[in-house]
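# Remarks on the overall topology
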Amino acid sequence: MLGSATHMMTDGDGAVLGVAFQVPVLDAQRPGSFLLTAAHCVRPLFDRSQSVRIRAPSGSQANCSILFCATEDVALLYHADWLGEPLPCVADRSEGDALVRGAPHGVASEQATFDAYLAGVEGGLLDIVLRSLAYVESDAGHDPLVPLPGSPVYRALRGLSGAPVVRIRPDGTVQVIGLVTHRNTRGIANRIYGIPTDRLVEILAEQDIALQMTTDLRQTSSDRTMLTGLLRELLTEPGEDLMLWTRLSGLFYSGEPIDRILEAMLSEPQRYGLDELALARAGFVHARLRLKREAGTASLIRLREAKARADRADPQDESGLSALMGLRLLMENPRGGDPKAHAYLFEQAIDRISRASSMTDRQKAYEIASAVGREAVLAYLSNPPPWPANSVTAGYYRRLEAQHLSLLREYGATLRDKQEVVHIGLAIAPAIWEISSVTDQVDALVVAGKNAAIQRSNAIFYCQMLLVEAMLCRLKRSDLRAFTLACLTTQALNNAGLLLSHEGVAAILRCVKAADPSLYRLVTQVHQFGIRKGAEIVKCAWTDDAEVIDRASRIAMPYSEQVRDLKGILTLRLDILAE
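In terms of burial, strand β1 (residues 6–10) is a largely internal element, five of the five residues being buried. In the sheet, β1 pairs with strand β2 (residues 16–23) via five bridges, with the strands oriented antiparallel. By the bridge assignment, T6 is partnered in β2 with F21.

Now the structure itself:
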């Protein structure tokens, strides 16, 4: 993966400029590939508004546009096509072994990987020792503070500009920890320096670009024992109350059973060494995850228990955890009475969060955006379209949607990871009720939604987009593809233990039930009985589409194994379903 994701850069004359490597940038409107490199490698081309040519180890070549060159020697490239999987990025400044992949002059191949050692961080930069290169430049009479441009070592190290600094985890996962920017200029040739990934995130954020970071949980998530241990560390880590959700929800959305592990930990707190505040954190996250799967009394009880624990452990609510849970209880409790009164209480609760002195502006923005998005969905589900012109719910929903979009624009790089898909969902939920008149708009939202889901490995949201795609297929008379998509998507959700009452799925199915009873019945029956039996039941009860449903179920069955794990839906080759 390291080799295929690293590309040599050349100018128009074929001269080697350095290397660039693919990284996971979150941008639903640009589904191609993003690459990081050192700005000094491409700045002359950028200043002339020219593109840079990249060449993969396979020999394939492509031109990339240069999106920006930062003053801190970071540049971002873009290619409109998908070049392959990007390299996951992690924040890791710890000393230890590493690798550097570049295009050094003097090796038999165009690229080479150097054994390296991260000796520490000097002046905010990674201090890297290249074990494969121990040469020390010397030249009597030459100023040691000035590099020797003509030396073989200089030419070799020039090919490392823009190179990824990576670590290989025990499971073989490659993870980027930095970007090589320059060499040591005092004559020690095997010392180079790089910008750590957490600083790269900040530099890109200044350009309103979100670089996705991977937590160390992901590569160990296949081992439940290790994952449980890491969850315990997060829950007991001081000062991380507000960001715990952002760390764990990504794993949940990708298909990991985080909520079930938390439930086991909550049932035996002494076994896992959780104190009262850690239990409050665990209960809060668990309740939020369960409320995503399905609204219910048990989840609300868990949320009330968590708030009571937080009140006991932190009476002054210095962390703001109790205020956040109070806001969630207001939103999740059954709604009744005057909707305007509820909206007023919600705005008051949001105001309390915005005035919390313990939170940074970014933390407040994240929590408020998350709450606003959830409140909009709950308002929709409590009184779904079609809405009359003077509908209170419609006005409230649109106001919340606009507030969410405003926060996303103001804090784009901070919120985009989790909240971009929320905004796409908010836009698509009311639009599908008018799908016949806004087909192009819904089509564009589905494309953006699928791109966003793939970039985040968010299999649940991807399933939601496939359900909307099935609606579009029915509208376009592509019934076979529609029913096949419905079979595979529903089977994937069922395999993951996700109920059709999951908020995002439920919002779409409210419309499917009203607009396309045949498609709705297939989804509900396949979810309950599986593809084969579910299709048989629907064929018997809904004879108009019996033949095409039978064909769809026969097509879907051979591919059902690929979605046994929910994450498999992201890589399913759906082009085979074309009629």
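What follows covers the packing of aromatic side chains. Per the stated rule, a full pass over the model turns up four aromatic pairs. Taking the centre distance of 6.2 Å and the plane angle of 85 degrees together, the rings of Y380 and W387 count as edge-to-face. For W387, a relative accessible area of 17% corresponds to the buried category. Centre to centre, the rings of W387 and Y397 are 5.5 Å apart; their planes meet at 50 degrees, and the pair counts as tilted. With W387 in the loop between α12 (361–382) and α13 (392–410) and Y397 in helix α13, the pair connects residues that are ten residues apart, well separated along the chain. These aromatic residues form a ring-pair network of at least three members: Y380, W387 and Y397. R30 extends its terminal NZ or CZ atom over the ring of Y78, reaching a point 5.7 Å from the ring centre.

The topology assignment puts A429 in helix α14 (residues 412–431). Separated by 49 residues in the primary sequence, A429 and Y380 place their C-alpha atoms 8.4 Å from one another. Setting aside anything within four residues of it in sequence, one finds A429 in contact with Y380 and Y397.

So, on to α12. Between the first and last C-alpha of α12 there are 31 Å, a value that for 22 residues agrees with the 32 Å anticipated at 1.5 Å per step. With 19 of 22 residues buried, α12 is to be regarded as a mostly interior element.

How each quantity is defined
Residues numbered from 1 in each chain as written. Predicted model: local features only at pLDDT ≥ 70, side-chain atom pairs only at ≥ 80, totals over all residues. Heavy atoms only, no water. Buried < 20%, exposed > 50% of the residue type's maximum accessible area, 1.4 Å probe, protein only. Helix = DSSP H or I, 4+ residues; strand = E, 2+ residues; numbered from the N terminus. Pairing = 2+ DSSP bridges. Phe/Tyr/Trp six-rings, centres within 6.5 Å; stacked < 30°, edge-to-face > 60°. Lys NZ or Arg CZ within 6 Å of the ring centre and 35° of its normal. Contact = heavy atoms within 4.5 Å. Expected span 1.5 Å × (residues − 1).

Read these as layout, nothing more, since geometry by itself doesn't imply function.
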